[in-house]
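Coordinates in review
Okay, here's what each chain looks like letter by letter:
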Amino acid sequence: MTVWDDVVGQERVQVQLSAAARDADTRVTLEARREPAPDASKMTHAWLFTGPPGSGRSTAARAFAAALQCTSPDRALGGEPGCGFCDGCHTSLIGTHADVDVIRTDLLSIGVKETRELVRRAQLSPAGGRWQVIILEDADRLTEGAGNVLLKAVEEPASRTVWLLCAPSLEDVLPTIRSRCRHLTLRTPSVAAVADVLIRRDGIEPEAAHSAARATQGHIGRARRLATDERARARRATVLKLPLRVEDIGGCLKAAQELIDAAAEDAKQVAEEVDVKETEDLKAALGASAGGRMPRGTAGAMKELEDRQKRRKTRSQRDSLDLALTDLTGFYRDVLALQMGSGVALANDDVRDSLDRIARGSTPEGTLRRIEAVVACRQALDRNVAPLLAVEAMAGALRAG
């Protein structure tokens, strides 16, 4: 098993990263011998991974980081960096390598303060590994100020520091930053490739794995959750019933409220799993007494944690709602496929009766308008329109067709 085994359906990207890892390994080896490195190299100090959600951007970045830290003795015999077994590969993949920092946010944005800390770390030499690698999984969430802070570090990197930025598209990253990065575009993996990963790595039954992969259309993370989490399957079932419930205004309003409530409940469940532990850990670190009384002067720290948890809950609710809208778009895409007689594989074949009913009762033009209504709802949420108002407007547009 190599570090590339979980980079699903990205053969071209894997070839590029493997070549860069080989050149990086050669450079470090020659530097240790105080020999000049070759002028031509496929390695560079900043990379930008883009691709649709679920394409495995962060997985590819982690695999590359592991290959850069590979210490397998086989390299001296011509072996490829990224064996997957040595200490450098293993600790990089599980997130415990001292010189691989993985930065993700569960908030709506990444601010200047956090970015300055990243830039400070980027100037350090590797503590024990071959490279100092910083993986920024949510580069699209950098504020403009944070992006300007990062720009300086990307322009003038330390000699053994590598930045791996991940974002959905080039347009989500400041032009000044993306122009200084080598760009890799990932594609959506095939349904068969995702199902194979679920079976091989997660031990999921083949039938459930193929069903989840088909329903999520190649989104690896969503497929895994759908196959393993009963709550995710229940939420999806609720969403796919919505097209049948917008036959009158009352049904539209009720369906919209239930969709918002489901997103809120999903966010609450996610938060409860993390918030309690975070709060207890902070209290213990601040020296809370056995009765739970906090020492003087610690109220500010507790308030900061509460604010952070509140912002995280807001993002979780938005992410859950956006996921529901993605499922809804997939439903109408299947309806359109049936109406056009395209013969493509249906993502939601498990609700074929509902698809047939909607397809018979509408026209392709009406289905396209409904897809546009879902897209407009997502855009409204991006502009911070109140979620209930945006979903109610969408439900009304779905009724009108």
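Residues numbered from 1 in each chain as written. Predicted model: local features only at pLDDT ≥ 70, side-chain atom pairs only at ≥ 80, totals over all residues. Heavy atoms only, no water.

Right, let's talk about the environment of Asp23 for a bit. Mapping Asp23 onto the fold places it in helix H1 (residues 11-32). On the accessibility criterion, Asp23 (24% relative accessible area) is partly exposed. Considered as a pair, Asp23 and Arg370 are 347 residues apart in the sequence and their alpha carbons are 50 Å apart. Discounting chain neighbours no more than four positions away, the residues touching Asp23 are Ser41, Lys42 and Met43. (Helix = DSSP H or I, 4+ residues; strand = E, 2+ residues; numbered from the N terminus. Buried < 20%, exposed > 50% of the residue type's maximum accessible area, 1.4 Å probe, protein only. Contact = heavy atoms within 4.5 Å.)

So, on to the side chain of Arg370. With respect to the secondary-structure elements, Arg370 resides in helix H14 (residues 364-382). For the buried residue Arg370, which engages in no salt bridge, the nearest side chain bearing the opposite charge is Glu247, 8.9 Å off. Ignoring anything within four residues of it in the chain, the contact list for Arg370 reads Tyr332, Ile358, Ser362, Leu398, Arg399 and Gly401. (Lys, Arg positive; Asp, Glu negative; His and termini not counted. Salt bridge = Lys/Arg side-chain N within 4 Å of Asp/Glu carboxyl O.)

Direction vectors running N to C along helix H2 (residues 57-68) and helix H3 (residues 87-94) enclose 155°, while the axes themselves pass 8 Å from each other. As summarised for this structure, H2 and H3 are arranged roughly antiparallel, according to the angle between their axes. Two packed elements cross with a definite hand, and for H2 against H3 that hand is right-handed. On H3, the residues that touch Arg62, Ala63, Ala65 and Ala66 of H2 are Cys89, Ser92 and Leu93. (Axes fitted to C-alpha atoms, helices over the stretch in contact; angles between N-to-C directions. Parallel < 35°, antiparallel > 145°, perpendicular 65-115°, else oblique. Left-handed = near helix turned anticlockwise from the far one by under 90°.)

A separate point is the pattern of salt bridges. Scanning the entire structure with this criterion turns up 25 salt bridges. Between Asp101 and Arg121 there is a salt bridge, and its shortest N-O distance comes to 3.2 Å. With Asp101 in strand E2 (residues 100-103) and Arg121 in helix H4 (residues 112-122), this residue pair connects regions lying 20 residues apart in the sequence. For Asp101, a relative accessible area of 16% corresponds to the buried category.

Fair warning: the whole summary comes from geometry, so function is off the table for now.
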